[in-house]
Amino acid sequence: QVQLVESGGGLVQPGGSLRLSCAASASISSIVFMRWYRQAPGKQRDLVATISASGNTNYADSVKGRFTISRNAANNTMWLQMNSLKPEDTAVYYCNFQLLTREYWGQGTQVTVSS
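Nothing here was measured: the structure is a model prediction, and the numbers come from that model. (Residues numbered from 1 in each chain as written. Predicted model: local features only at pLDDT ≥ 70, side-chain atom pairs only at ≥ 80, totals over all residues. Heavy atoms only, no water.)

Draft legend 1. Summary view of the packing of aromatic side chains. Summed over all chains, the structure comprises one aromatic pair. Considering the side-chain rings of Tyr37 and Trp105, the 5.0 Å spacing of their centres and the 50° angle between planes classify their relative orientation as tilted. Of this pair, Tyr37 sits in strand S4 (residues 31-39) while Trp105 sits in strand S10 (residues 103-105), and the two are 68 residues apart along the sequence. Classification of Tyr37 by relative accessible area gives buried; the value is 16%. Overall, Trp105 belongs to the partly exposed group, its relative accessible area being 34%. Between the NZ or CZ atom of Arg45 and the centre of the ring of Tyr94, over which it lies, the distance is 3.6 Å. (Phe/Tyr/Trp six-rings, centres within 6.5 Å; stacked < 30°, edge-to-face > 60°. Helix = DSSP H or I, 4+ residues; strand = E, 2+ residues; numbered from the N terminus. Buried < 20%, exposed > 50% of the residue type's maximum accessible area, 1.4 Å probe, protein only. Lys NZ or Arg CZ within 6 Å of the ring centre and 35° of its normal.)

This is the structure:
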């Protein structure tokens, strides 16, 4: 069973930066989209950023200009560079790999932005 392993979360002050990573435990072929989601306490899980198989990217309005999604398709690794972090970015961040017939989720990594 393939697993997605996330890392890079933690506590950071407002205005700071973090880089999240997501790696598959085994090779996965035919990934259509790689995505980052986040879920704050008591709220629904929201889409943060998407990168397609062709490398096109999309971002939620709330993170545009501050977050950058990237990937290494060869080894099924994805990153989320988060700059100018705000307290409202505090959430558990999840990675997601979408294939044609199924999807995989990471276990989540906590990001806390606080002074």
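Draft legend 2. Quick peek at the state of the cysteines. This structure, assessed with the given rule, holds one disulfide. With its sulfur 2.1 Å from that of its partner, Cys22 forms a disulfide with Cys95. Its torsion about the S-S bond being 60°, the disulfide of Cys22 and Cys95 is classed as right-handed. Highlighted residues: Cys22 in strand S3 (residues 18-24) and Cys95 in strand S9 (residues 91-99), separated in sequence by 73 residues. (Disulfide = S-S within 2.5 Å.)

Draft legend 3. Geometry of the side chain of Arg66. Looking at the element boundaries, Arg66 is found in the loop between strand S6 (57-59) and strand S7 (67-72). With relative accessibility at 10%, the residue Arg66 sits in the buried group. A distance of 2.7 Å separates the side chain of Arg66 from the side chain of Asp89, its partner in a polar contact. In contact with Arg66, other than residues within four places in its own chain, are Gln81, Met82, Asn83, Ser84, Leu85, Lys86 and Asp89. (Polar contact = N/O pair within 3.5 Å; in protein donor to acceptor, adjacent residues only side chain to side chain. Contact = heavy atoms within 4.5 Å.)

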